[in-house]
Structure formats: structure tokens, C-alpha cells
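Each chain, written out:
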Amino acid sequence: MAKEGSNGNSHASTKPPPTPSPLRSAKFFQANMRILVTGGAGFIGSHLVDKLMENEKNEVIVADNYFTGSKDNLKKWIGHPRFELIRHDVTEPLLIEVDQIYHLACPASPIFYKYNPVKTIKTNVIGTLNMLGLAKRVGARILLTSTSEVYGDPLIHPQDESYWGNVNPIGVRSCYDEGKRVAETLMFDYHRQHGIEIRIARIFNTYGPRMNIDDGRVVSNFIAQAIRSEPLTVQAPGTQTRSFCYVSDMVDGLIRLMEGDNTGPINIGNPGEFTMLELAETVKELINPGVEIIMVENTPDDPRQRKPDITKAKELLSWEPKIKLRDGLPLMEDDFRTRLEVPRKN
Ligand SMILES: NC(=O)c1ccc[n+]([C@@H]2O[C@H](COP(=O)([O-])OP(=O)(O)OC[C@H]3O[C@@H](n4cnc5c(N)ncnc54)[C@H](O)[C@@H]3O)[C@@H](O)[C@H]2O)c1
Ligand SMILES: O=c1ccn([C@@H]2O[C@H](COP(=O)(O)OP(=O)(O)O[C@H]3OC[C@@H](O)[C@H](O)[C@H]3O)[C@@H](O)[C@H]2O)c(=O)[nH]1
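The model shown is predicted, which means the values in this text are computed figures rather than measured ones.

1. A look at the overall build of the protein
1) Next: Within the protein, the secondary structure is distributed over nine helices and 13 strands.
2) Next: For the protein, the C-alpha radius of gyration of 20 Å lies close to 20 Å, the compact-globule estimate for 346 residues.
3) Next: Principal axes of the C-alpha set define a box for the protein whose edges measure 60 × 45 × 40 Å.
4) Next: Counted over contacts in the protein with a minimum sequence separation of 6, partners at least 24 positions apart contribute 82%.
5) Next: A total of about 15300 Å² of accessible surface is found on the protein, and carbon and sulfur atoms cover 53% of it.
6) Next: Looking at the protein, you have 42 positive and 44 negative side-chain charges, and the mean spots of the two groups are 4 Å apart.

Encoded structure:
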């Protein structure tokens, strides 16, 4: 079991972790790591499952309620002897035996997390409590996919992990950003009080194949619009910035964090920063030079700038993203064209 306490911050646990499940030392399971991925039918989760399944010593269990995810994303694993898929809502307790938990379950697109805000905050708070309860009962290590949204509309730039954020507690995004902040608090309380082995990733805007076509996030919107020759909808003022990370880089960062000795929180994101107008121009140039770019109304509390400081990820995880936006967008375009049934014109 990895040593705790070298987390690069002052949150080290003073308690030993609880005794792991007897399965971890049982003869026939010794070589295997049984891993739960909540939200594994979603965009990042399904890519994470693909990577975890590559290691033949891993057994992977996905628990998902299919709110934004789909069995389609996992179809190549259904029926595999090392894979199991459970329809389960994390706001209910889950009684299984696992060694590691990647806790991703939560809608991520602002359109979807604002659709049923009470459910979103329940998922973040009760869902995380349930997964921490599971981790405590079986002695599993648990990783939470938190978010750059914990920084709110940040007053420092770029954002490093020591920044406490500038978050509206009663706004339309609060179910998600305050929900994730409480989830982080619960993780550290279980760590300090019960010695649970925790890992927290603060993920910045991630894109890639398998995003829902109607997901509503900016990269998937622009790519789908460009392929359909519909105007690219830049939400005003268009000068707001984001940093976009390709999904394979994200999965690599999450696995490194889980396998390493540091609790985090650690920013995982690509520090390349773009305004939404720049993103629209890039998508136009790469995918459909004839397409129009239009300005549309924005939603409340949209953060004006976001860029991760990834010094900690570089130093503690030896991780940095490899795929630049201009290289990642065409990879996503191929997947979207296949699903939209619009082939490239030669
Ligand atoms: N993609 C990003 O840019 C981004 C950025 C920051 C953080 N994150 C975090 O990463 C995680 C995955 O994001 P994603 O982009 O893959 O989103 P996604 O919406 O594609 O996947 C989320 C998955 O969780 C499932 N889910 C939602 N509520 C659930 C519940 N109550 N019980 C069980 N399953 C539930 C959904 O059905 C879906 O399969 C989320 O926790 C999200 O907050 C993502
Ligand atoms: O069609 C669109 C959609 C969005 N946008 C703009 O694009 C920017 C990015 O919006 P997105 O919907 O992709 O998502 P955000 O970056 O705000 O949040 C994202 O990153 C943090 C994660 O935790 C969230 O889960 C994720 O959705 C916003 O400024 C938004 O106003 C457009 O200009 N046009």
C-alpha cells in the first residue's frame, strides 16, 4: 500500500487507513486489482475504462445511472470476463468489494447539471458520501474528479491549487461548483478522520471522441455545428477563456494520480488558453472555412477566464499534456462525422 503524507500540502492524515477488504490478500485475487468506476458510461469514464481494461490484471466494475452516459460507450467490454456494468445511482449506497474507486458520477455539461440542480447537488454530496462509505468499509483508495469550477470566476490567473476560489453560493451553477467543493471537503474529512486514502483531481475543460453530440459544451457544439454547416454560436462576450485538454491526456493524468502518493488536489488540464472567439476561428479553419460565426446570449455566472497552473502535476505526477488543441480537434471531428453520418468532402 502506498505511503500517505507526501502530498505536497499540509493535509496529511494522522490515522492509519482502515483494513482493506480480505479479498486484497486472498490467494486468487492477489494479482488482480478490482476497480470501480462510477460514471464509467460517460465521456471521460468510458475512456478511463478502456485504459484500465488494457491491463489484464484489472477487473473493472462500472456503476452508472445513464443520465448523460450510455451503454454504447462501453459496448466493446460488455460480456468481457473482467468487466461488469451495473445500473446504479450513486445517491444510493453500493455494497461491493473493490480496491480502488474512480468516482466520476456527475453530469458535467452545464446544460445537464443545471437541468435538475437538486439531483446534481445530491449526486455530488450524497453520492460522494456513499462512495466514501464504501471506501471506508472495504479499505479502498478513492479518487474524486473535481473541477476547475471550484475556482468559480477566478480572481487570480492562472489558477493554482492553493487558490480558494470566487464562487457564487446561490447561483445557477452552484449545484455543481459548490457541490464539488463539498465533495472535496468530504474527501478530506474522511481522510483525516478515518484515514481513507484519497486522491482529488481538479479537471479543466476536457474534449474528445464520444462526447454527446448534443452535450452543450463548447467544443462539441462548435464541431457539430461546423460539420452540419450551422453557425458557430459564440456566447457573449467571446473574450472569456478556457483551456482544453484532450481526453487521452486526462485519463493518463487520472491514473498517475491514483497510482501515486499524493492526495492532491491537483490540477489536471492543458495550460493552452483560448478565447471562445479564437476557438471558433480555429474550428472554422480546420473543419469548415465557409461556416458563419455568430454571437449569442450567455448564461449567468459564466467564468471569464480559466487556465490551470500545472506545476504540481508536473512535479508530483511527472505529467503534462501531449496533445495540442489543433491536433486534438481533428481526432474528435472524425468521431463526430461518423456519428453524424457526414463524411469529409475530398
Ligand atoms: N469533461 C470535463 O470537461 C470535466 C471538467 C471538470 C470535471 N469533470 C468531471 O469529470 C467527471 C466526468 O465528466 P464527463 O465529462 O465524462 O461527463 P459525462 O456527463 O459524460 O459523464 C458523467 C457520467 O456520470 C453518470 N451519472 C450522473 N449522475 C449519476 C448518478 N447520480 N449516479 C450514477 N451515475 C451518474 C452519467 O450517466 C454519465 O455516464 C464528472 O465528475 C465531472 O464533474 C469533467
Ligand atoms: O455553444 C457554446 C457553448 C459554450 N460557449 C462558451 O464556452 C465556454 C465554455 O463552456 P462549456 O459549456 O464548454 O463549459 P465550462 O468550461 O464553462 O465548464 C466545463 O469545465 C469545467 C467542468 O467542471 C464542467 O463540467 C465543464 O462543462 C463558456 O464561456 C461558454 O459561455 C460558447 O461560446 N458557445
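From this point, the narrative continues.
2. Some details on the site of ligand 1
1) Next: Around ligand 1, 30 residues are found, and the nearest of them are Asp-64, Thr-68, Leu-104, Tyr-176 and Arg-217.
2) Next: Broken down by element, the shell around ligand 1 gets its largest block of residues, three residues, from strand β5 (residues 141-147).
3) Next: The residue inventory of the shell around ligand 1, partitioned by class, reads 13 nonpolar, twelve polar and five charged.

3. Focus on the environment of Ile-223
1) Next: Considering the arrangement of structural elements, one finds Ile-223 in helix α5 (residues 218-227).
2) Next: Assessed through its relative accessible area of 0%, Ile-223 is described here as buried.
3) Next: When the C-alpha positions of Ile-223 and Gln-159 are compared, they lie 27 Å apart, and in sequence the two are 64 residues distant.

4. Points about the site of ligand 2
1) Next: By nearness alone, 22 residues border ligand 2, and Ala-108, Thr-147, Thr-233, Gln-235 and Asp-302 come closest of all.
2) Next: Between an oxygen atom of ligand 2 and a side-chain N or O atom of Asn-205, the distance comes to 2.9 Å.
3) Next: A distance of 3.1 Å separates an oxygen atom of ligand 2 from a polar side-chain atom of Gln-240.
4) Next: Surface burial for ligand 2 is 96%, taken as the share of its 660 Å² of free accessible area covered by protein chains.
5) Next: Among the elements of the structure, α5 and β8 (232-235) are those that each provide at least two residues to the shell around ligand 2.
6) Next: Looking at the shell around ligand 2 residue by residue, the classes come out as seven nonpolar, nine polar and six charged.

5. Description of the packing of α5 against helix α7 (residues 276-287)
1) Next: Relative to each other, α5 and α7 sit at 35 degrees, their axes nearing to 10 Å. Viewed along their axes, α5 and α7 form a crossing whose handedness is right-handed. Taking contact as the criterion, the partners of Val-218, Val-219, Phe-222, Ile-223, Ala-226 and Ile-227 in α5 are, on α7, Met-276, Leu-279, Ala-280, Val-283 and Ile-287.
2) Next: Considered class by class, the residues forming the contact of α5 with α7 number eleven nonpolar, no polar and no charged.

6. A few points about the side chain of Thr-145
1) Next: Note on placement: Thr-145 falls in strand β5.
2) Next: Reaching out from Thr-145, the side chain makes a polar contact with the backbone oxygen of His-103 at a distance of 3.2 Å.
3) Next: Ignoring any residue separated from it by four or fewer positions in sequence, one finds Thr-145 in contact with His-103, Leu-104, Lys-180, Ala-201, Ile-203 and Leu-254.

7. Concerning the packing of aromatic side chains
1) Next: Under the definition given, this model contains six aromatic pairs.
2) Next: Centre to centre, the rings of Phe-67 and Phe-112 are 6.1 Å apart; their planes meet at 75 degrees, and the pair counts as edge-to-face. Of this pair, Phe-67 sits in the loop between β2 (58-64) and β3 (83-87) while Phe-112 sits in helix α2 (residues 110-115); the two residues are 45 residues apart in sequence, bridging distant segments of the chain.
3) Next: Judged by relative accessible area, which is 36%, Phe-67 ranks as partly exposed.
4) Next: Judged by centre distance (6.2 Å) and plane angle (40 degrees), the ring pair of Tyr-151 and Phe-204 falls under tilted. A residue pair is termed long-range when its members are at least 10 positions apart, and Tyr-151 in the loop between β5 and α4 (174-194) and Phe-204 in the loop between β6 (198-203) and β7 (206-207) qualify at 53 residues.

8. Quick look at the UniProt feature "domain: NAD(P)-binding" (unreviewed entry) in the protein
1) Next: The positions that UniProt labels "domain: NAD(P)-binding" (unreviewed entry) are, in the present scheme, residues 36-330.
2) Next: Between the end C-alpha atoms of residues 36-330 the distance is 31 Å, and the span holds 37% helix and 18% strand.

9. Some details on the environment of Gly-45
1) Next: Residue position: Gly-45 is located in helix α1 (residues 43-54).
2) Next: Between the alpha carbons of Gly-45 and Ile-61 there is a distance of 11 Å; along the sequence they are 16 residues apart.
3) Next: Excluding its chain neighbours within four sequence positions, the residues that come into contact with Gly-45 are Val-37, Gly-39, Gly-40 and Leu-104.

10. Notes on the packing of helix α3 (residues 117-138) against α4
1) Next: It is at 9 Å that the axes of α3 and α4 come closest, and there the two elements cross at 15 degrees. By the angle between their directions, the pair α3 and α4 is classed as roughly parallel. Helix-helix and strand crossings are classified by hand; for α3 and α4 the assignment is right-handed. Residues Pro-117, Thr-120, Ile-121, Asn-124, Val-125, Thr-128, Leu-129, Leu-132, Gly-133 and Lys-136 of α3 lie in contact with α4, whose contacting residues are Cys-175, Tyr-176, Gly-179, Lys-180, Val-182, Ala-183, Leu-186, Met-187, Tyr-190 and His-194.

11. Some words on the nonpolar core
1) Next: Core analysis: the largest hydrophobic core is formed by 60 residues, its most contacted members being Val-37, Val-49, Tyr-102, Tyr-207, Val-219 and Leu-279.
2) Next: Contact partners of Tyr-207, with chain neighbours within four places excluded, come to Phe-43, Val-219, Phe-244, Cys-245, Tyr-246, Val-247, Lys-324, Leu-325, Gly-328, Leu-329 and Met-332.

12. Points about the sheet that holds strand β4 (residues 100-103)
1) Next: Spatially, seven strands are ordered β3-β2-β1-β4-β5-β6-β11 in an open sheet, and the strand pairing comes out parallel. Two strands close off the open sheet at either side, each with one partner strand: β3 and β11 (266-268). Adjacent strand axes in the sheet meet at a mean angle of 20 degrees, parallel and antiparallel pairs treated alike.
2) Next: In terms of strand pairing, β6 meets β11 through three bridges, oriented parallel. Residue Ala-201 lies in a different strand from β11, and its bridge partner there is Ile-266.
3) Next: Packed onto the sheet, α3 meets β1 (33-38), β4 and β5 and runs at close to 170 degrees relative to β4.
4) Next: Of the strands in this sheet, β5 and β6 touch α4, which is tilted by about 155 degrees from β5.

About the criteria used
- Residues numbered from 1 in each chain as written.
- Chains lettered and ligands numbered in written order.
- Predicted model: local features only at pLDDT ≥ 70, side-chain atom pairs only at ≥ 80, totals over all residues.
- Heavy atoms only, no water.
- Helix = DSSP H or I, 4+ residues; strand = E, 2+ residues; numbered from the N terminus.
- Rg over C-alpha atoms; globule rule 2.2 N^0.38 Å.
- Contact = heavy atoms within 4.5 Å.
- Areas by Shrake-Rupley, 256 points an atom, 1.4 Å probe, with all protein chains shown as cover.
- Lys, Arg positive; Asp, Glu negative; His and termini not counted.
- Charge placed at Lys NZ, Arg CZ, Asp CG, Glu CD.
- Near = heavy atom within 4 Å.
- Nonpolar A, V, L, I, M, F, W, Y, C, P; charged D, E, K, R; others polar.
- Buried < 20%, exposed > 50% of the residue type's maximum accessible area, 1.4 Å probe, protein only.
- Polar contact = N/O pair within 3.5 Å; in protein donor to acceptor, adjacent residues only side chain to side chain.
- Axes fitted to C-alpha atoms, helices over the stretch in contact; angles between N-to-C directions.
- Left-handed = near helix turned anticlockwise from the far one by under 90°.
- Phe/Tyr/Trp six-rings, centres within 6.5 Å; stacked < 30°, edge-to-face > 60°.
- UniProt positions renumbered as here; feature names shortened; annotations may be inferred.
- Parallel < 35°, antiparallel > 145°, perpendicular 65-115°, else oblique.
- Core = buried A, V, L, I, M, F, W, Y, C linked by side-chain atoms within 4.5 Å.
- Pairing = 2+ DSSP bridges.

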